[in-house]
Amino acid sequence: MSREEKKTQKDMFDEQMRQFESFVENMKESIGLPTFPDMKTGVLQWYDQRWITTRFIISVEGIKEFFDKLLDGKFVTTKCRKCGELYFPPQKDCPKCMASDMEWVELSREGTLLTFTQINVKPYSFAHYDDYIVGIVRLPEGVSITAWVRADDPSKLKIGSKMRLEIVKRDPEKYVTYEWVPVE
Amino acid sequence: MGRNVAVVGVGHSRYGVRSDVNIGELAWESIKKALEDANLEQKDIEYFIVSSVGGWSSEYLPAVVIGEYSGLTPKGTARVEAACASGSAAVKLAYEMVSSGTVDIAMAVGLEKMNESPTPVVVEFIGRAGNYFWEFHNFGLTFPGYYALYATAYMDKYGATEEDFCKVAVKNHYYGARNPKAHFQREVTIEKCMTSRYIAWPLKLYDCSPITDGSSAVILASEEVAKKLTDSPVWIEAVGEASDTANLSKRDDFTYLRAARLAAEKAYKKAGLMDGYNMYKYFDVAEVHDCFTIAEVLAYEDLRFAEPGKGIELVRNEETYIGGKIPVNLSGGLKAKGHPIGATGVGMVAELTNQLLQRVEKDRQAPIKNGRALAHNVGGTGHYAYVTILSLSKPNGGV
Ligand SMILES: [Zn+2]
């Protein structure tokens, strides 16, 4: 099957919801209320006539250097100038010594795979993707990075194996992020 | 040291897909039973704490909705959130209110109505339970996915197999089949579990707890009040609690839950139990947080029922059935009784109270010898942890 023909979990769920909604719409037209019997038990349900869709707006002002450098092909994080603590994810403040004086340092791009999984049943907002593998990789500096691992079969991956970080553009959302690539 | 606190009444709804009730009705099932069990009226409850995570359900302020429906208005209330350990957080806070003398009688009510939303939306909500931006937004982890990270690491380090984990599911379904309150009241076989589809490799459908609706309630009272209400109080001997990082990438080891270990240490210390890796000997029965089969194995080790890496042997040797070293999850656990997020921890205390008072169905009743039981309730992926110790003997030197 070609990629175009293959149905994603999102296609299947959207199709189910369309069928369900048209069923409820028909019920509402015939009886005047958005009520319907539960498919399994027959108990009466009300189909919510209000809805919510939301996307959050998150401040990245305090760590904007991370994204600037990512666009330049560099993978950086914050290190406290006062006490030397290294943070990933990067953060603006150092709770360890109470200072807010960070320098941006480049991280090494190779590390060791600590653990991994493959996500088979996906959240709705990831349901348009094929199954993906997520891994946590430890860098020599002592911080770990969670990201997708570029591989198809989780049973072929090994804990302790070497991984290299690549900066990539994520399809289909078209934003720059990073992922792990197994080192042969 | 505060005042002694007893559980004087418990209520527990049937868990499952509860399309037959709304949020108020579902909570009332437990609240009514707890009040009757304690022989109290709503006016006697001085404060009620509601544990509910929500998002997937319609009522944004469940505490007041429950209060109005159940006749608890105008008593003071608040909703608490500690993810899947919200229920234990509610019990802990109610316990502290009574122990400190702030009130004499408090109620903890746990409630979740997850099936008001379609499954992919629920998966979305629970997947966000960690660090949203750095772990969910970019990499789409799910709740089974987070625990799968632990399963992969545990299997690699200690040689556990997918079949070993399925044995946990088989045990918990065995007891779920004997609990009329359970979401799944049927046994499963190893084969059925082993051939179920992957949800988050290496975890399969039967390694996972279901999406459940349910409620539970417990009423706590001071010693003075408890003496008047009941001849059989169950005492809260100790509560231990801890938390861990939101980002899993900030953890070094994926073969144990640090928060659960710390919570257990704290609870054991408070109760004066300080042995090695055979802590099970103090208890007759335990309810542990088996949101996934791997989580039950981690619980055995974090509670020091077994040495690190040896928890899986308790499973292989069937030591956590009745008749073994320590019966665990005789309710069916989260796996088969179900996991209505905010209700789970309160439901554990209700179940263990009934176990200690020998009030549960015969074929899932633990023999009560020590008079002590333990609830282990984890929120998120080891983000929050609570260990609650219940006892038939009065703490602080009493009898
Ligand atoms: Zn610092």
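Predicted, not measured: the structure shown is a model, and the values here were computed from it. (Residues numbered from 1 in each chain as written. Chains lettered and ligands numbered in written order. Predicted model: local features only at pLDDT ≥ 70, side-chain atom pairs only at ≥ 80, totals over all residues. Heavy atoms only, no water.)

### Describing the state of the cysteines
Two cysteines whose sulfur atoms are joined by a covalent bond form what is called a disulfide. Residue and element names in this part refer to chain B. For the record, the criterion: What counts as a disulfide here is a pair of cysteine sulfur atoms lying within 2.5 Å. Each helix corresponds to a stretch of at least 4 residues labelled H or I by DSSP, and each strand to a stretch of at least 2 residues labelled E; elements are numbered beginning at the N terminus.
Summed over the entire model, instances satisfying the criterion amount to 1 disulfide over all chains. A sulfur-sulfur distance of 2.0 Å marks the disulfide that ties Cys166 to Cys193. Between Cys166 and Cys193, the disulfide has an S-S torsion of -75° and is therefore left-handed. Taken together, the residues Cys166 in helix H7 (residues 162-176) and Cys193 in helix H8 (residues 190-194) connect sequence positions 27 residues apart. The closest cysteine sulfur to the non-disulfide-bonded Cys208 is located on Cys291, 9.1 Å from its own sulfur.

### Observations concerning the pattern of salt bridges
Selection criterion: Salt-bridge detection follows one rule: a side-chain nitrogen of Lys or Arg within 4 Å of a carboxyl oxygen of Asp or Glu. Think of it in three bands: with a 1.4 Å probe and only protein chains considered, a residue is buried below 20% of the maximum accessible area for its type, exposed above 50%, and partly exposed in between.
What the rule picks out here adds up to 43 salt bridges over all chains. With a shortest N-O distance of 3.9 Å, Glu41 of chain B and Lys43 of chain B are connected by a salt bridge. Residue Glu41 of chain B is classed as partly exposed on the basis of its relative accessible area of 45%. Overlapping salt bridges, with partners in common, bring together Arg150, Arg164, Glu166 and Glu179 of chain A in one network.

### Let's talk about the sheet that holds strand E7 (residues 213-222) of chain B
Remark on secondary structure: sheet strands pair via backbone hydrogen bonds, oriented parallel or antiparallel. All names here are of chain B. As a reminder of what qualifies: For two strands to pair, DSSP has to find at least two bridges joining them. In this description, a line fitted to the C-alpha atoms serves as the axis of each element, helices being fitted only across the stretch in contact, and the angle between N-to-C directions of two axes falls anywhere from 0 to 180 degrees. Residue contacts follow a heavy-atom distance rule, with two residues in contact if any of their heavy atoms lie within 4.5 Å.
With mixed pairing, 9 strands are arranged side by side in an open sheet as E3-E2-E4-E7-E1-E8-E11-E10-E9. Since the sheet does not close on itself, it has two edges, and those belong to strand E3 (76-80) and strand E9 (285-287), each with one partner. For this sheet, the mean angle separating the axes of adjacent strands, direction not counted, is 25°. Here strand E10 (residues 372-379) runs beside strand E11 (residues 384-391); their pairing, made up of 8 bridges, is antiparallel. Across the sheet, the residue bridging to Arg372 is Ser391, located in E11. Contacts from helix H3 (residues 86-99) reach strand E1 (5-12), strand E2 (47-51), E3, strand E4 (105-113), E7, strand E8 (234-243), E10 and E11, with the element oriented near 165° to E2.

### Here we look at a nonpolar patch on the surface
Stated precisely, the cut-off is as follows: Patch membership requires over 30% relative accessible area and the absence of a salt bridge. Like charges are linked within 9 Å, and nonpolar side chains (Val, Leu, Ile, Met, Phe, Trp, Tyr) within 5 Å. Surface accessibility follows the Shrake-Rupley procedure with a 1.4 Å probe radius. Residue values consider only the protein chains on display as shielding.
A cluster of nonpolar side chains, Ile31, Leu33 and Trp46 of chain A, forms an exposed patch at the surface whose accessible area comes to about 340 Å². Inspection of the secondary structure assignment puts Ile31 of chain A in helix H1 (residues 9-31).

### Quick look at the interface of chain B and chain A
Definition in use: In this description, buried area is defined as the sum, over both parts, of the accessible area (probe of 1.4 Å) that is lost when the two are combined.
Contacts between the two partners involve 36 residues from chain B, matched on the other side by 45 residues from chain A. The junction of chain B with chain A conceals about 3300 Å² of combined surface from both sides, 67% of it contributed by carbon and sulfur atoms. The largest share of the area that chain B buries against chain A comes from Trp134, Phe139 and Trp201 of chain B, three residues that together contribute 24% of it. The tally of links from chain B across to chain A stands at 1 salt bridge. Two residues, Arg138 of chain A and Asp252 of chain B, come together in a salt bridge whose shortest N-O distance is 3.3 Å. Counting only elements with at least two residues in the side of chain B that touches chain A, the list comes to helix H4 (119-127), helix H5 (132-137), helix H6 (143-158) and strand E5 (198-201) of chain B.

### Things to note about the confidence of the model for chain B
For clarity, the threshold we go by: The score called pLDDT rates the predictor's confidence residue by residue, from a low of 0 to a high of 100.
Residues at a pLDDT of 70 or more form 99% of chain B, whose mean pLDDT is 97. ipTM for the predicted complex: 0.95, alongside a pTM of 0.97.

### With respect to the pairing of E10 of chain B
All names here are of chain B. Extensive coverage of E10 is indicated by the burial of 8 of its 8 residues. Of the two faces of E10, the one lined by Arg372, Leu374, His376 and Val378 and the one lined by Ala373, Ala375, Asn377 and Gly379 are each fully buried. By the bridge criterion, 3 bridges tie E9 to E10 in an arrangement that is parallel. Bridge pairing in E10 links Ala286 to Leu374. Adjacent in sequence and paired antiparallel, E10 and E11 are bridged by 4 residues, among which Gly380 carries a positive phi angle near 60°.

### Brief notes about the sheet that holds strand E4 (residues 86-87) of chain A
All names here are of chain A. Across the sheet, which stays open at both edges, the 3 strands sit in the order E4-E3-E5 with antiparallel pairing between neighbours. Two strands close off the open sheet at either side, each with one partner strand: E4 and strand E5 (102-106). As judged from the 5 bridges shared by strand E3 (residues 76-80) and E5, these two strands associate in the antiparallel manner. Paired with Thr78 across the two strands is Trp104, which belongs to E5.

### Considering the coordination of the zinc ion
All names here are of chain A. The test is simple: Note on donors: an N, O or S atom is included if it sits within 2.8 Å of the metal, or within 3.2 Å for Na, K and Ca, and water is never included, so sites can look incomplete.
Of the protein atoms, only Cys80 (SG), Cys83 (SG), Cys94 (SG) and Cys97 (SG) coordinate the zinc ion, at distances of 2.3 Å. The sequence pattern formed by the donor residues of the zinc ion is C-x2-C-x10-C-x2-C. In this pair, Cys80 sits in strand E3 while Cys94 sits in the loop between E4 and E5, placing the two residues 14 residues apart along the sequence. The two residues Cys80 and Cys94 agree in class, both being buried.

### Description of the side chain of Thr146 of chain A
Applied cut-off: Any pair of N or O atoms that falls within 3.5 Å is considered a polar contact. Within protein, one atom must be able to donate a hydrogen and the other to accept it, and sequence-neighbouring residues count only if both atoms are side-chain atoms.
Inspection of the secondary structure puts Thr146 of chain A in strand E8 (residues 144-149). Polar side-chain contacts of Thr146 of chain A include one of 2.9 Å to the side chain of Glu135 of chain B. With residues near it in sequence (within four places) discarded, Thr146 of chain A still touches Val134, Gly135, Ile136, Tyr178 and Trp180 of chain A together with Glu135, Phe139, Leu141 and Ser249 of chain B.

### Comments concerning the domain arrangement of chain A
All names here are of chain A. The condition is simple: Residue ranges for the domains trace back to a domain assignment, done automatically or taken from a database. Ten residues, namely Ala, Val, Leu, Ile, Met, Phe, Trp, Tyr, Cys and Pro, are considered nonpolar, four, namely Asp, Glu, Lys and Arg, are considered charged, and the remaining ones, Gly among them, are considered polar.
What the domain assignment reports for chain A is domain 1 (9-46), domain 2 (59-107) and domain 3 (109-184). One C-alpha centre belongs to domain 2, the other to domain 3; they are set 22 Å apart. The interface is formed by 10 residues belonging to domain 2 together with 11 residues belonging to domain 3. Counting every contact that joins domain 2 to domain 3 gives 0 salt bridges. Counting across the interface, domain 2 meets domain 3 through 1 residue pair in polar contact (both at pLDDT 80 or more). When residues of the side of domain 2 that touches domain 3 are assigned to their parent elements, the largest contribution, 3 residues, is made by helix H2 (residues 64-71). Tallied by class, residues from the side of domain 2 that touches domain 3 come to 7 nonpolar, 1 polar and 2 charged.

### Some thoughts on the nonpolar core
The cut-off we apply is this: We define the nonpolar core as a collection of buried residues of types Ala, Val, Leu, Ile, Met, Phe, Trp, Tyr and Cys that are connected through side-chain atoms lying within 4.5 Å of one another.
Among the nonpolar cores identified, the biggest contains 146 residues, and Tyr178 of chain A together with Tyr147, Val218, Leu220, Tyr268, Ile294 and Phe305 of chain B are the most heavily contacted of them. Ranked by residues supplied to this core, first place goes to H6 of chain B with 10 residues. A domain split of this core shows at least three residues from each of domain 2 (59-107) and domain 3 (109-184) of chain A. Not counting the four nearest positions on each side in its chain, Ile294 of chain B is found in contact with Tyr147, Tyr150, Ala151, Tyr154, Phe165 and Leu203 of chain B. Core analysis: the next-biggest nonpolar cluster, separate from the first, contains 27 residues, Val21, Ala27, Phe48 and Met107 of chain B among them.

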